[in-house]
There are 2 protein chains.
Amino acid sequence: MRSAIRNGELVREDQAVLPVTYREVQYSYSVYEALRITDSHVVHLDDHLKRLKESCRAILLSHPFSDDLIASSLHALIEKDGIANATARILIVGGKSPLFFITYTDLLTYPESYYSEGVGVTLYYGERFLPQAKTSNLLMQYLALKEAESKGAFEALLVDRKGQVLEGTRSNFYGISGTRIYTAPDEFVLSGITRISVLKAAEELGFEIVYTPPTATNLHMFDSLFLSSTSMGALPVASVNGNPVKKDKWDAIHSICALERKWE
Amino acid sequence: MRSAIRNGELVREDQAVLPVTYREVQYSYSVYEALRITDSHVVHLDDHLKRLKESCRAILLSHPFSDDLIASSLHALIEKDGIANATARILIVGGKSPLFFITYTDLLTYPESYYSEGVGVTLYYGERFLPQAKTSNLLMQYLALKEAESKGAFEALLVDRKGQVLEGTRSNFYGISGTRIYTAPDEFVLSGITRISVLKAAEELGFEIVYTPPTATNLHMFDSLFLSSTSMGALPVASVNGNPVKKDKWDAIHSICALERKWE
């Protein structure tokens, strides 16, 4: 059986459990991070620890687990189980007796065809509560993704009351038009770790970033659309709600993806 | 140690736990009910089982646990621990391997002074996702209540984008004006078990129910405001954001509360 971390201690994975009687478990008062481990190296660890703290701050969650404890626990877990490649998950639950876990699964990757042929997305109308915090309140994302998958799509994009397409259920979202990349301002979305690298890579490749999100009605006008996430890198979108979209800038998306991955 | 139910089996309370590696735990894809047990009798059990099913339906959660299994499990738990008075909690987590728990705590009651002197409430601007489903996605309610308590208030009322005061974080909400009681339409709020009884009691006492919610700007115009919940019964509001509100109809609120409790 795999190992896990509970409150800084190495335990068996089946001991990484939440008491249903604990109030903060009942209220989903918790934050998390998903990280890539490649060749036993934790990708962008500092950025993930920083965002974890930002998520805590956004929901006023205080806990005693230092960055050093979290990092050393993660490294102890990697060493104990001899982890080479994996997706790790850090979870912190707030309250009077805060809880801290690290667990891991096989490295989440996607087939090469997703990158060469693009993926389908659907639109889901709904707004996240406190979009900048990565919390366990994921019911809307769960349902949106379930609906997308039932239609054969890979991801659902969340559309706000103004019709703005802000982000995916587990990804950030972008539209390319000429030499410009359009995406939602940071304050309306989860500030993806990969999003930061993707935007930096895009600028390095000569694109200008415009912090205005695409809308549900103008998606077909972009030269190309794409997603980003820790697991995806940068992934082109082939269709929205079953309707094909333009693929004029897929070469650029592939270049952004390659450059972003190089920085890991 | 107390006992609990896990998937229909009696277990020790410390075995009522959720694996952090289970996807539906990570996404808070779960529904719950809180029930009163008085003199070993489960109050409004059928109504709670019905609402549990409605919550499941609202979030497309299917599970194999029948009403009969849930009811017989609850009764087995009451018998095992000799429970006379308690607040019980049923939790169902969806996914490929659905989970079902029943746990309990001391009966949640409030001091008599809350009824004679009323309670303070604060206003919190935010809208629930799928308001008719009683799910574990309670972060907004948690933060709203935390803010209320930090200001010395007992409950936070959720106000929507139109300024309508729809419900509390763990209660329904009403304004009395003359012989009319104003409250949000069922589709915008959690349909409280006690709300049904309270509205029935109010009608029996000669009130007309108007399904229009009070608004943040007209609360001071009502003759009285009150809350209801399984644990509270009907509870008068003394102040909103620190400002006293009228108490002209508190006798009526106390009568509604007494009549509602009589039906248990």
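Refer to the preceding data block for the structure.
Nothing here was measured: the structure is a model prediction, and the numbers come from that model.

Trainee: Please explain the pattern of salt bridges as it appears in this structure.
Mentor: If charged atoms from side chains of opposite charge come close, those side chains can pair. Following the criterion strictly, the structure yields 28 salt bridges over all chains and no others. A salt bridge links Arg2(B) to Asp106(B); its shortest N-O distance comes to 2.8 Å. Of the two residues, Arg2(B) sits in the segment before strand 1 (3–6) while Asp106(B) sits in strand 7 (residues 99–106), which places them 104 residues apart along the sequence. Of the residues examined, Arg2(B) reaches a relative accessible area of 29% and is grouped as partly exposed. A residue is classified by how much of its surface remains accessible, and Asp106(B), at 58% relative accessible area, is exposed. Between Glu24(B) and Arg23(B) there is a salt bridge, with its nearest N and O atoms 3.9 Å apart. Looking at Glu24(B), the relative accessible area reads 7%, which means it is buried. What emerges from the salt-bridge pattern is a single network uniting Arg36(A), Arg261(A) and Glu264(A).

Trainee: Whenever I open this one, the relation of the copies chain A and chain B confuses me. Can you help?
Mentor: Both copies of the chain are related by one operation, a rotation about an axis with a shift along it. After a rotation of 180 degrees and a shift along the axis of 0.0 Å, chain A superposes on chain B with an RMSD of 0.0 Å. In the structure described here, the two chain copies are related by an operation that fits a two-fold rotation axis. A shared interface surface links the copies, since 100% of the contact residues of chain A are contact residues in chain B too.

Trainee: What is the right way to look at helix 3 (residues 67–81) of chain B in this model?
Mentor: Every α-helix carries 3.6 residues per turn, so stepping three or four residues along brings you back to the same face. Residue and element names in this part refer to chain B. Helix length check: helix 3 (15 residues) gives 21 Å between terminal C-alpha atoms against 21 Å at 1.5 Å per residue, within 8%. Turning to helix 3, its buried residues number three or more, namely Ile70, Ala71, Ser73, Leu74, Leu77 and Ile78. Along helix 3, the residues classed as buried sweep out an arc of 160 degrees about the axis, all on the same side. When the buried face of helix 3 is taken as reference, the exposed residues oriented beyond 90 degrees from it are Asp68, Glu79 and Lys80. At the C-terminal side of helix 3, glycine 82 shows a positive phi close to 55 degrees.

Analysis parameters
- Residues numbered from 1 in each chain as written.
- Chains lettered and ligands numbered in written order.
- Predicted model: local features only at pLDDT ≥ 70, side-chain atom pairs only at ≥ 80, totals over all residues.
- Heavy atoms only, no water.
- Salt bridge = Lys/Arg side-chain N within 4 Å of Asp/Glu carboxyl O.
- Helix = DSSP H or I, 4+ residues; strand = E, 2+ residues; numbered from the N terminus.
- Buried < 20%, exposed > 50% of the residue type's maximum accessible area, 1.4 Å probe, protein only.
- Least-squares fit on C-alpha atoms with pLDDT ≥ 70 in both.
- Contact = heavy atoms within 4.5 Å.
- Expected span 1.5 Å × (residues − 1).
- Arc of directions from axis to C-beta.

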